[in-house]
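Residue-level structural notes
Read off the chains here:
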Number of protein chains: 2
Amino acid sequence: MRSAHDDRTARAVIRDRALELFAARGPDSVTVRQIASAAEVSPGLVIHHFGSKEGLRSAVDEHVAGVFDGLFARAEAGGLDMSDGRSFAETLLENLPPGSPIPGYLRRLLLAGDAAGTAIFRRWFAAGAAAADALVARGLMAPGRDPVVRTAFVMAGDLMLLLLRDQLADVLGVDPLGAEGAARWAEEVLDIYRNGLFGTEGETS
Amino acid sequence: MRSAHDDRTARAVIRDRALELFAARGPDSVTVRQIASAAEVSPGLVIHHFGSKEGLRSAVDEHVAGVFDGLFARAEAGGLDMSDGRSFAETLLENLPPGSPIPGYLRRLLLAGDAAGTAIFRRWFAAGAAAADALVARGLMAPGRDPVVRTAFVMAGDLMLLLLRDQLADVLGVDPLGAEGAARWAEEVLDIYRNGLFGTEGETS
DNA sequence: CCAGCTGCTGAACAAGCGTTTAGTATATTG
DNA sequence: CAATATACTAAACGCTTGTTCAGCAGCTGG
């Protein structure tokens, strides 16, 4: 029997397996029995720990929100490598275990217009605005005529790497968040951000 | 008996109501009975016409793909207002009835990684690449160092307006696809595309 | 020592699911 | 005209769903 202070209590295992299944197939098409079976416990225990399937769902939401909170806090404290040209999406992926279900879950939260997803989006936007302000203060970026819209545009361009990763990989023939793809993507985006789309100076360096 | 090409057959009504419900809540959380009730028919008729719920789902997918095919065909033939600075997302929205469930359905197709969604994304990308080629040929746009990535970036930035419309509206305080929001968005994006993010000149060339 | 927790299971529950079936009315065909 | 096919419904089918319940094992506090 596991101790109550064990990191991997049955409760945590259930929550993690639920997160994986929810991210992969969506909460509605995953059954309590499937979660229980993936966590190697009985269906009754799932309800015992979370009250209901809906309770499990919000526990997963809170867990994911907590992960993002931690990441944003680290970013604000400067504990993350956020050098110029690095997308936050890329940084986020590096600070998550490989194959983490969290990006997939975030995708579902945003697609469904879920309140938990909107909250994460707001925090992401706030972090992006803070980063933009810092760049502007250092003279490294122009605020633009409509700074809020500018921030939103840059941030959305970053987020879409996470959201449309599979589709972009399909048309590009390379994973835009893999090693090669990320480099190509970052170079091209930086070029646009530096010279614009219409800029005639296309000299390759 | 109504003709097979009449769009007001019960079959078409069921398909349209299913599209609306699928877009709003996701196919998995919508029941055959709810669709039947929305279409004011019996649950049995839904099965009679589509064979199964899965059959309905793919009929809806085909219908949506057909709408996009028509739109892309019109765009290629030059029948759509695609003047500079207009996002395709915006154009698309104007060529759909107000409150159409199709953008919401596309969102679900893309973010769930559905094959039907990937197919639409591919066509969208091809249309974007064609438009980019035309602009480059007319000297209105630089191809960039990595034209494929450049096209993907511009196209995804456009798509983002559709996919994150609600979240952007929340953060910006204005619907980015509404009259005022679209104008602000277009102006800022054009500014970036013209002068880059770092450009010190706030004037348009 | 034992009373009372907590973690946990297996079996059972009612409700709701997608689907089937039997049948009716209406239209088309030969 | 009878025969056949289509559009459609009401009721029921078997199955799966989320959840409940009674009970068991092992820890903990008095």
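What counts, and where the lines are drawn
Residues numbered from 1 in each chain as written. Chains lettered and ligands numbered in written order. Predicted model: local features only at pLDDT ≥ 70, side-chain atom pairs only at ≥ 80, totals over all residues. Heavy atoms only, no water. Near = heavy atom within 4 Å. Polar contact = N/O pair within 3.5 Å; in protein donor to acceptor, adjacent residues only side chain to side chain. Helix = DSSP H or I, 4+ residues; strand = E, 2+ residues; numbered from the N terminus. Buried < 20%, exposed > 50% of the residue type's maximum accessible area, 1.4 Å probe, protein only. Contact = heavy atoms within 4.5 Å. Expected span 1.5 Å × (residues − 1). Core = buried A, V, L, I, M, F, W, Y, C linked by side-chain atoms within 4.5 Å. Buried area = accessible area lost by both parts, 1.4 Å probe. Salt bridge = Lys/Arg side-chain N within 4 Å of Asp/Glu carboxyl O. Nonpolar A, V, L, I, M, F, W, Y, C, P; charged D, E, K, R; others polar. Least-squares fit on C-alpha atoms with pLDDT ≥ 70 in both. Axes fitted to C-alpha atoms, helices over the stretch in contact; angles between N-to-C directions. Parallel < 35°, antiparallel > 145°, perpendicular 65-115°, else oblique.

Identification of chain A as TetR family transcriptional regulator from Planobispora takensis is taken from an unreviewed UniProt entry.

Right, let's talk about the protein's contact with DNA strand D for a bit. Residues in contact with DNA strand D amount to 15 residues; listed here are only the nearest, T31, V32, R33 and K53 of chain A together with S42 of chain B. One of the backbone N or O atoms of V32 of chain A is found 3.0 Å from a phosphate oxygen in DNA strand D. In the environment of DNA strand D, a phosphate oxygen lies 2.6 Å from a nitrogen or oxygen atom belonging to the backbone of K53 of chain A. Of all the secondary-structure elements, those providing two or more residues to the surface near DNA strand D are α2 (32–38) of chain A together with α3 (43–50) of chain B. For the surface near DNA strand D, the element with the most residues is α3 of chain B, which contributes three residues.

What follows deals with the environment of I102 of chain A. All names here are of chain A. On the secondary structure map, I102 appears in helix α6 (residues 102–111). Take I102: its relative accessible area is 6%, and that puts it in the buried class. Each C-alpha atom of the pair I102 and A36 lies 20 Å from the other, and the pair is 66 residues apart in sequence. In this structure, I102 is in contact with L19, V64, V67, F68 and L96, ignoring residues within four places of it in sequence.

This part takes up helix α7 (residues 115–137) of chain A. Taking 1.5 Å of rise per residue, the 23 residues of α7 of chain A would be expected to cover 33 Å, and the 33 Å separating its terminal C-alpha atoms lies within 8% of that figure. In the core, the buried residues of α7 of chain A are packed alongside α4 (53–76), α5 (88–94), α6 and α8 (147–163) of chain A together with α9 (165–172) of chain B. Just downstream of α7 of chain A lies G139 of chain A, where phi reads positive at about 75°.

Time to look at the nonpolar core. W124, L159 and W185 of chain A together with W124 and L159 of chain B are the most contacted members of the largest nonpolar core, which has 119 residues in total. Those residues within four positions of W124 of chain A in sequence are excluded, and the remaining contacts are F68, F72, F88, A89, L92, L106, M155, D158, L159 and L162 of chain A.

With that settled, consider the interface of chain B and chain A. Tallying the contact residues gives 54 residues for chain B and 53 residues for chain A. Interface area, chain B with chain A, both sides summed: about 5400 Å², of which 66% is carbon and sulfur. The tally of links between chain B and chain A comes to 10 salt bridges. R150 of chain A is paired through a salt bridge with E188 of chain B; the nearest N and O atoms lie 2.7 Å apart. On inspection of chain B and its partner chain A, the count reaches 22 residue pairs in polar contact (both at pLDDT 80 or more). Residues that form the side of chain B that touches chain A fall into these classes: 28 nonpolar, 11 polar and 15 charged.

Here we take up the relation of the copies chain B and chain A. After a rotation of 180° and a shift along the axis of 0.0 Å, chain B superposes on chain A with an RMSD of 0.1 Å. What the rotation and shift describe, once combined, is the action of a two-fold rotation axis. Across chain B, the smallest distance between a C-alpha and the rotation axis is recorded for G196 of chain B, namely 2.2 Å.

Here helix α7 (residues 115–137) of chain B has its buried residues at A116, G117, T118, I120, F121, W124, F125, A127 and A132 of chain B. In this fold, the buried residues of α7 of chain B make contact with α9 (165–172) of chain A together with α4 (53–76), α5 (88–94), α6 (102–111) and α8 (147–163) of chain B. With a side-chain oxygen positioned 2.8 Å from the backbone nitrogen of A116 of chain B, the residue opening α7 of chain B is D114 of chain B.

Turning to the environment of G196 of chain A, a few remarks are in order. If you trace the backbone, G196 of chain A turns up in the segment after α10 (179–195). With a relative accessible area of 2%, G196 of chain A lands in the buried category. The contacts of G196 of chain A, once residues within four sequence positions are left out, are D191 of chain A together with R150, I192, Y193, R194 and G196 of chain B.

Now for the packing of helix α1 (residues 10–25) of chain A against helix α3 (residues 43–50) of chain A. All names here are of chain A. Closest axis-to-axis distance for the α1/α3 pair is 10 Å, and the angle between their directions is 100°. Taken together, the axes of α1 and α3 lie roughly perpendicular to each other. Residues A10, R11, I14 and R15 of α1 pack against L45, V46, H49 and F50 of α3. For the contact of α1 with α3, the residue count by class is five nonpolar, one polar and two charged.

Moving on, we come to the protein's contact with DNA strand C. Residues in contact with DNA strand C amount to 15 residues; listed here are only the nearest, S42 of chain A together with T31, V32, R33 and K53 of chain B. For DNA strand C, the backbone portion of the atoms within 4 Å of the protein, that is sugar and phosphate, comes to 62%. One of the side-chain N or O atoms of H49 of chain A is found 3.1 Å from a phosphate oxygen in DNA strand C. At 2.5 Å from a base nitrogen of DNA strand C is found a side-chain nitrogen or oxygen belonging to R33 of chain B. Of all the secondary-structure elements, those providing two or more residues to the surface near DNA strand C are α3 of chain A together with α2 (32–39) of chain B.

Our next topic: the packing of α10 of chain A against α8 of chain B. Where α10 of chain A meets α8 of chain B, the axes come as close as 9 Å, and the angle between the chain directions of the two elements is 70°. Put simply, α10 of chain A runs roughly perpendicular to α8 of chain B. Of the residues in α8 of chain B, those touching α10 of chain A at R184, W185, E188, V189, D191, I192 and Y193 of chain A are V149, R150, A152 and F153 of chain B. Grouping the amino acids of the contact of α10 of chain A with α8 of chain B by side-chain chemistry returns seven nonpolar, no polar and four charged.

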